[in-house]
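Reading the structure
Residue-level listing of the chains:
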Amino acid sequence: QVQLVESGGGLVQSGGSLNLSCAASGSIFSILGMGWYRQAPGKNRDLVASITSAAGTIYVDSVKGRFTISRDNAKNTVYLQMNSLKPEDTAVYYCYTVQKIGDTVRTYWGQGTQVTVSS
């Protein structure tokens with residue numbers, strides 16, 4: 001199995017910045033991609049950003065120009081640099097990794113980290 005450990009969440013004022021990290025460990029074979037979802041109370045869990053070898057980086061429109069996703073393959077770690085944060089960015093952020101094991105593709109999820117942006 002693969003375990004994902006997230007860090008970097010917290011409470012910031014509107015306009016502030018946070019940098020989220022997510023490190024994968026365990027039975028790592030071939031990671032196809034990593035990324036971040038977020039879920040606010042009463043809302044769906046929606047994709048924020050992803051980075052894959054095939055498609056590069058993808059962002060939801062609401063964070064383009066403010067968030068940057070990056071990946072350190074040697075450390076099996078994905079980052080989400082969040083600048084110019086807004087109250088509507090408040091959510092639990094979940095990282096994920098997609099791994100190919102033989103002919104099987106599996107998705108693993110982190111435990112979530114709370115991001116709260118005050119007005």
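This text follows the structure it describes.
The sections below set out a description of the structure shown in this document. Computed from a predicted model, the values in this text were never measured in an experiment. (Residues numbered from 1 in each chain as written. Predicted model: local features only at pLDDT ≥ 70, side-chain atom pairs only at ≥ 80, totals over all residues. Heavy atoms only, no water.)

**Quick look at the state of the cysteines**
Using the criterion set out here, one finds one disulfide in the structure. What pairs with Cys22 in a disulfide is Cys95, and their sulfur atoms sit 1.9 Å apart. Across the S-S bond of Cys22 and Cys95 the torsion is about 50°, and the bridge reads as right-handed. Placement of the pair is Cys22 in strand 3 (residues 18-26) and Cys95 in strand 9 (residues 91-101), with a sequence separation of 73 residues. You can call Cys22 buried: its relative accessible area is 0%. Residue Cys95 is classed as buried on the basis of its relative accessible area, which comes to 0%. (Disulfide = S-S within 2.5 Å. Helix = DSSP H or I, 4+ residues; strand = E, 2+ residues; numbered from the N terminus. Buried < 20%, exposed > 50% of the residue type's maximum accessible area, 1.4 Å probe, protein only.)

**So, the side chain of Thr77**
Within the element layout of this structure, Thr77 appears in strand 8 (residues 77-82). Of the polar contacts made by the side chain of Thr77, one reaches the backbone oxygen of Lys75; its length is 2.9 Å. The contacts of Thr77, once residues within four sequence positions are left out, are Cys22, Ala23, Met34, Ser70, Arg71 and Asp72. (Polar contact = N/O pair within 3.5 Å; in protein donor to acceptor, adjacent residues only side chain to side chain. Contact = heavy atoms within 4.5 Å.)

**Describing the sheet that holds strand 1 (residues 2-7)**
Strand pairing in a sheet relies on backbone hydrogen bonds, with the paired strands running either antiparallel or parallel. Strand order in the open sheet made by the four strands is 1-3-8-7, with antiparallel pairing throughout. The sheet is open, and its two borders are formed by strand 1 and strand 7 (67-72), each paired with just one other strand. With direction set aside, neighbouring strand axes in the sheet form an average angle of 15°. With six bridges joining them, strand 7 and strand 8 adopt antiparallel strand pairing. (Pairing = 2+ DSSP bridges. Axes fitted to C-alpha atoms, helices over the stretch in contact; angles between N-to-C directions.)

**Points about the nonpolar core**
The biggest cluster of nonpolar side chains holds 27 residues, and the ones touching the most others in it are Trp36, Leu80, Met82 and Tyr93. Listed by contribution, the elements that provide at least two residues to this core are strand 1, strand 3, strand 4 (30-39), strand 5 (46-52), strand 7, strand 8, strand 9 and strand 11 (113-118). (Core = buried A, V, L, I, M, F, W, Y, C linked by side-chain atoms within 4.5 Å.)

**As for the pattern of salt bridges**
Two side chains with opposite charge may pair up if their charged atoms get near one another. Tallied over the entire structure, the rule returns three salt bridges. A salt bridge links Lys64 to Asp61; the shortest N-O distance between them is 3.0 Å. Asp61 gets classed as exposed once you look at its relative accessible area, which sits at 60%. A salt bridge links Arg66 to Asp89, with the nearest nitrogen and oxygen atoms 2.8 Å apart. Of the two residues, Arg66 sits in the loop between strand 6 (56-59) and strand 7 while Asp89 sits in the loop between strand 8 and strand 9, which places them 23 residues apart along the sequence. (Salt bridge = Lys/Arg side-chain N within 4 Å of Asp/Glu carboxyl O.)

**Considerations on the environment of Ser119**
Examined against the element boundaries, Ser119 turns out to sit in the segment after strand 11. We classify Ser119 as exposed; its relative accessible area is 87%. Residues Ser119 and Trp109, spaced ten residues apart in sequence, show a C-alpha to C-alpha distance of 30 Å. Excluding residues within four positions of it along the chain, Ser119 makes contact with Ser14 and Pro87.

**Details of the side chain of Thr113**
Take Thr113: it is sitting in strand 11. Polar contacts involving the side chain of Thr113 include one to the main-chain amide nitrogen of Gly9, which spans 3.4 Å. Non-local contacts of Thr113, meaning those with residues more than four positions away in its chain, are made with Glu6, Gly9, Leu20, Ala91, Val92 and Tyr93.

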